[in-house]
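Report on the structure
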Amino acid sequence: MRVFVYNMRDYDERPFFDDICLKEGVEYGYSYEAPTVENAALARGYDAIDIITCPVDRPRLEALKKAGIKLIISRTVGTDHIDREAAKQLGIDVIGITYTPGAVADYTVMLILMGCRRFKYLTMRTVAQDYGLEGRIGKDLSDSTVGIIGGGPIGKAVARRLSGFDCRILMFDRHTDEEIAGIAEYADFDRVIKESDILSLHLAGRPENRHIIKRDTFAMMKDGVHIINTARGLLMDTEALIDNIESGKVGFAGLDVIENEIGRYYYDHGDEVLTNRQISIINGFPNAFVLPHMAFYTEAAVRDMVVNSIIKGKEYFAGEISRRTGSGTDGADGTDKERI
Ligand code: COI
């Protein structure tokens, strides 16, 4: 296999690409840029491209097709940044990968604890040498019900970690898992929404999951509910979230992801006027923040992403995994199912 790597990062990924490609006999080229119509020709002569969560729309796909690309390997779990319908029509396959779910699960638990202990407000005030107690009283996790929406590998890893905090755990998923049933109670969506003090989202960015948390859903929630989203921005109606933080219905929002973030993260935009107002509004609240989609970002996960993308690409060309053109390997290889 010859693979062209977009969005290469020298400071963490590059040594892993060097090692695995040497070991597996894979020839690779790279660019620090995301794929564009203009730079698609860089991939000419390669069989596949290897990308992260950058937009890959129809015009980019057409340019990649022209360059002879047969496969897009996204070194991510979700592949919702790729127009898969257009890929299907153009005869380009799409595959995602898996990496240790512990990375995102740890980060999720960190956000849950930060919400419970009002960490944003506490640090803001501490920097200003305000060491008062007022307004900083915590919520006890052990007295809380945590609702996990989506029981895939990450949702399950969150449940396992939370079981050490003595809280009640509710889990919404269509499939039950015996191990998880021992630590969490499976319940339908409405019950999880209504009974949880803290909600954590772990669904995939599929069209049918868009705005699964919307105005009507907020209305069903407990007053002062905490919401954590380390999955995909499209799961939640951001305007409805902002209104519900303003009204006090939502007591804390810890977002690693937000709608319309794609293409913005992992670069320094320090001197630019950014156009996503929702990020600025949410980051202005003392009880909410938007982080730059980096819950995945640990040494083990980055190594898995690089290594597994090369291994999966080789397996694909060896005919060892599905070649269902354009439908990607959705549901066939454990990536980008309804939950992550
Ligand atoms: C994924 O793997 O789907 C992620 O969300 C992480 C990616 C942004 C690098």
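My aim in this report is to walk through the structure given alongside it, one point at a time.

Definitions and limits used
- Residues numbered from 1 in each chain as written.
- Predicted model: local features only at pLDDT ≥ 70, side-chain atom pairs only at ≥ 80, totals over all residues.
- Heavy atoms only, no water.
- Near = heavy atom within 4 Å.
- Polar contact = N/O pair within 3.5 Å; in protein donor to acceptor, adjacent residues only side chain to side chain.
- Areas by Shrake-Rupley, 256 points an atom, 1.4 Å probe, with all protein chains shown as cover.
- 1 Å grid on protein atoms, 1.4 Å probe; cavity = no way out; pocket = protein on both sides within 12 Å on 5 of 7 lines; lining within 4 Å.
- Sits in = over half its atoms within 2 Å of the grid points.
- Nonpolar A, V, L, I, M, F, W, Y, C, P; charged D, E, K, R; others polar.
- Points joined across faces, edges and corners; volume = space filled by probe spheres on them.
- Domains from an automatic or database assignment.
- Phe/Tyr/Trp six-rings, centres within 6.5 Å; stacked < 30°, edge-to-face > 60°.
- Buried < 20%, exposed > 50% of the residue type's maximum accessible area, 1.4 Å probe, protein only.
- Lys NZ or Arg CZ within 6 Å of the ring centre and 35° of its normal.

1. With respect to the site of the ligand
Thr53, Thr76, Val77, Gly78, Tyr99, Arg232, Tyr266, His293, Phe296 and Met305 make up every residue found near the ligand. In the environment of the ligand, an oxygen atom lies 2.7 Å from a nitrogen or oxygen atom belonging to the backbone of Val77. One nitrogen or oxygen atom from the side chain of Tyr99 is found 2.7 Å from an oxygen atom belonging to the ligand. Coverage of the ligand by the protein amounts to 96% of the 280 Å² it exposes when considered alone. Assessed atom by atom at 2 Å from the grid points, the ligand resides in the largest cavity. For the shell around the ligand, a count of residues per class yields five nonpolar, four polar and one charged.

2. Some points on empty space enclosed by the protein
Evaluated as defined, the whole model comprises two cavities of 30 Å³ or more. Computed from the structure, the largest cavity encloses a volume of approximately 200 Å³. For the lining of the largest cavity, the class distribution of residues is eleven nonpolar, five polar and two charged. Both domains that furnish three or more residues to the lining of the largest cavity are identified here as domain 1 (2-99 + 299-317) and domain 2 (102-290). Looking at the second largest cavity, the residues that line it are Asn229, Gly233, Met236, Thr238, Leu241, Leu255, Val257, Ile258 and Glu259. Of the residues contributing to the lining of the second largest cavity, the split by class is five nonpolar, three polar and one charged.

3. Looking at the packing of aromatic side chains
In the structure shown here, the tally under the stated rule is eleven aromatic pairs. Ring geometry for Tyr30 against Tyr32: centres 5.6 Å apart, planes inclined by 65°, an arrangement best described as edge-to-face. When its relative accessible area of 43% is taken as the criterion, Tyr32 is described as partly exposed. One aromatic cluster is present, formed by Phe17, Tyr28, Tyr30 and Tyr32 through successive ring pairs. Note that Arg2 overlies the ring of Tyr46, its terminal NZ or CZ placed 4.6 Å from the centroid.

Geometric values such as these leave the question of function open.
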